[in-house]
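For reference, the chains in residue letters:
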Amino acid sequence: MWNKLFASVSEKIMKMLVEKIEKKFDQEKVIEEFEDLTKDAGRIQEETLKKILEQNGGTEYLQQWGLNGRTDPQTFKNCIPIVTHNDLDPYIQRIADGDLSPILSGKPIETISLSSGTTQGKPKFVPFNDELMESTMQIFKTSFAFRNREFPIGNGKALQFIYSSKQFKTKGGLVAGTATTNVYRNAQFKKTMKAMCTPCCSPDEVIFGPDFHQSLYCHLLCGLIFRDEVQVVSSAFAHSIVHALRTFEQVWEALIVDIRDGVLSSRVTVPSIRLAMSKLLKPDPELADTIYNKCSRLSNWYGLIPELFPNTRYIYGIMTGSMEPYLKKLRHYAGELPLLSADYGSSEGWVGVNVNPKLPPELVTYAVLPIIAYFEFIPLGENLNGMEKANSPVGLTEVKLGEEYEILITNFAGLYRYRLGDVVKVKGFHNGTPELQFVCRRNLLLSINIDKNTEKDLQLAVEAASKRLVDEKLEVVDFTSQVNVSADPGHYVIFWELSGEATDEMLQDCCNCLDSSFIDAGYVSSRKVNAIGALELRIVKRGTFHKILDHFVGLGGAVSQFKTPRCVGPKNSSLLQILSSNVVETYVSTAFC
């Protein structure tokens, strides 16, 4: 009897140990799998396309193009057209409205992701399914494996400034929410983070709270409570980290009072958040004194992160594209801590992994994971605006070093030869898969005549002009732009929010510098003959870009997914109204007079 009992107990213990080992994150195994996939990227891509088409070949969308069950890349390219979201929107809308027939995908779509919608003011509906969730977790695991090899962390916590937006039901009963919300609310997300030894400091009630201002306050408070355990400070985008730390500058003394007394501030009113925080918050005068002394000794908040969270190994989030302007401020807060750029993806799906985490964000590249989707690339050459009909798309392994392309994605959720709208440059190869550098969004061109200025061109112009503010210890808090074609001739309008007051003379100088910093030949020649009018610099009130963030959240967006639109489209009237109603000064360039 005892032998049987012992054997039974032993068996249970062994089973528990096996399960525990299986749950443990195997870093080297993940890297090995990635290496195998990328060594044979061409074959993996063909198999991925075949799997997608076999799974979805019976759909209404694919059947209309005459594939007839064929799954080879050439037939696929010959039959299926290249599309934008506008082309697929009627199909997606039918799914959202409750049409259960196989329209875009063989498996039923139960969830809809919302794109950020910060440029044109209206988020897009994008199908989301289990395969996209699995590819998200695969990207997270692969990225963490390479990151942890260079910057190993032990058992600790991550201070993650992440927020869930409200999910709602579409007309047809599908759950809809931002892509980040769909990920955060999935059980796999928490399991994966736990396996990677980076569980979030904050309880779910804070992450999923209905008021992001209250959630942000509690994220900061949780970070301080667990300050010695924090090993990573992160968010989906760099902007969210900068926004959180700018908020800390305003509320740090209130946070200290909460910690000293063990009582949550009355500014937090959501019952579920208050209850969750009450379980964490206990009177701790010693911690309160420590934080007060740390903050009091800081010079202009330089090195705030390592002072508050002494065991932090790195700062992590998407830092490319429209996030690059925040890097200067983020480095100010980070001190000597490394900034690691997160991976490359969109609401429509993932593209690549940062397998070289030691590269600074400005130089980061992304190795394409060939198993998560089927990719094609439209060669752009010197012409960002097109002639793609003359430039046939090439496959993943056919791209050339140093060339620029626009990405097409075919995924498991019903998008086929879909234009992501991103321009990338091939910077190298990891085994057989290309390493891509994000260049810009194609639809964010400032253009009036023959000029073509990208988001990067705008960023460089703002950086050049903002240097004029350094001596006065001022900075550009945020910026955006607009093409004003209602005037004749049309001209660029740049909106700046500043950290303080600047003289008219200095701002006129900044305005002239902005105008002359756009070095695109079409812009310069058009300005010289007045085919493009003088650039305007409009200074907006402090807090204007915070109003834009609040507006975005009010439309159902998640703070984690917010990106300041660098060029406001003419259809985004509500955002233009916020900007124009907050202008306090306007300057007109005399650079070409």
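This structure is a prediction, so every number in the text was calculated from the model and none was measured.

Asker: For this particular structure, what's the right way to read the overall build of the protein?
Answerer: Along the backbone of the protein there are 21 helices and 20 strands. Taking all 593 residues of the protein together, 55% fall into the buried category. Relative to all contacts within the protein whose residues are 6 or more apart in sequence, the contacts with residues 24 or more apart total 72%. If you sum the accessible surface of the protein, you get close to 26,300 Å²; carbon and sulfur atoms cover 52% of it.

Asker: What exactly am I supposed to notice about helix α3 (residues 41-56) here?
Answerer: Since there are 3.6 residues in each turn of an α-helix, residues three or four apart along the chain are aligned in direction. For α3, spanning 16 residues, the distance from its first C-alpha to its last is 22 Å, which sits close to the expected 22 Å at 1.5 Å a residue. Along α3, the residues that are buried comprise A41, I44, Q45, T48, L49, I52, L53 and N56. Along the axis of α3, the buried positions cluster into a sector of 165°, meaning they face one direction only. Along its buried surface, α3 packs onto α2 (27-39), α4 (60-63), α5 (73-79), β12 (374-379), β14 (404-410) and β16 (433-441).

Asker: Explain the sheet that holds strand β15 (residues 418-430) to me, please; I cannot follow it from the model alone.
Answerer: Whether parallel or antiparallel, the strands of a sheet pair through hydrogen bonds between backbone atoms. Here eight strands make up an open sheet; going across it, the order is β9-β10-β11-β16-β15-β14-β12-β13 and the pairing antiparallel. Looking at which strands have only one partner, the edges of the open sheet turn out to be β9 (344-346) and β13 (394-395). Direction of pairing for β9 relative to strand β10 (residues 349-353): antiparallel, over a ladder of three bridges. Residue pairing across strands places S346 opposite G349, the latter belonging to β10.

Asker: Explain the packing of helix α11 (residues 212-225) against helix α12 (residues 238-261) here, please?
Answerer: When two helices pack together, you describe them by how their axes are tilted relative to each other and by the distance separating the axes. Two numbers describe how α11 lies on α12: the axes approach to 9 Å, and their chain directions differ by 65°. Relative to α12, the element α11 is oriented roughly perpendicular. Considering how the two elements wind past one another, α11 and α12 form a crossing that is right-handed. Of the residues in α12, those in contact with F212, L216, Y217, L220, L221 and L224 of α11 are H243, A244, T247, F248, V251, A254, L255, D258 and I259.

Asker: For this particular structure, what's the right way to read the packing of aromatic side chains?
Answerer: Aromatic ring pairs are reported here in terms of the distance separating the ring centres and the angle at which the planes meet. Per the stated rule, a full pass over the model turns up 18 aromatic pairs. An angle of 75° between the planes, with centres 6.0 Å apart, marks the rings of F140 and W350 as edge-to-face. Taken together, the residues span a long stretch of sequence, with F140 in helix α7 (residues 130-150) and W350 in strand β10 at a distance of 210 residues. A centroid spacing of 5.8 Å and a plane angle of 75° characterise the contact between W252 and W301, whose relative ring orientation is edge-to-face. Placement of the pair is W252 in helix α12 and W301 in the loop between α14 (285-297) and α15 (304-308), with a sequence separation of 49 residues. A cation sits over an aromatic face here: R147 above Y316, 3.8 Å from the ring centre.

Rules used throughout
- Residues numbered from 1 in each chain as written.
- Predicted model: local features only at pLDDT ≥ 70, side-chain atom pairs only at ≥ 80, totals over all residues.
- Heavy atoms only, no water.
- Helix = DSSP H or I, 4+ residues; strand = E, 2+ residues; numbered from the N terminus.
- Buried < 20%, exposed > 50% of the residue type's maximum accessible area, 1.4 Å probe, protein only.
- Contact = heavy atoms within 4.5 Å.
- Areas by Shrake-Rupley, 256 points an atom, 1.4 Å probe, with all protein chains shown as cover.
- Expected span 1.5 Å × (residues − 1).
- Arc of directions from axis to C-beta.
- Pairing = 2+ DSSP bridges.
- Axes fitted to C-alpha atoms, helices over the stretch in contact; angles between N-to-C directions.
- Parallel < 35°, antiparallel > 145°, perpendicular 65-115°, else oblique.
- Left-handed = near helix turned anticlockwise from the far one by under 90°.
- Phe/Tyr/Trp six-rings, centres within 6.5 Å; stacked < 30°, edge-to-face > 60°.
- Lys NZ or Arg CZ within 6 Å of the ring centre and 35° of its normal.

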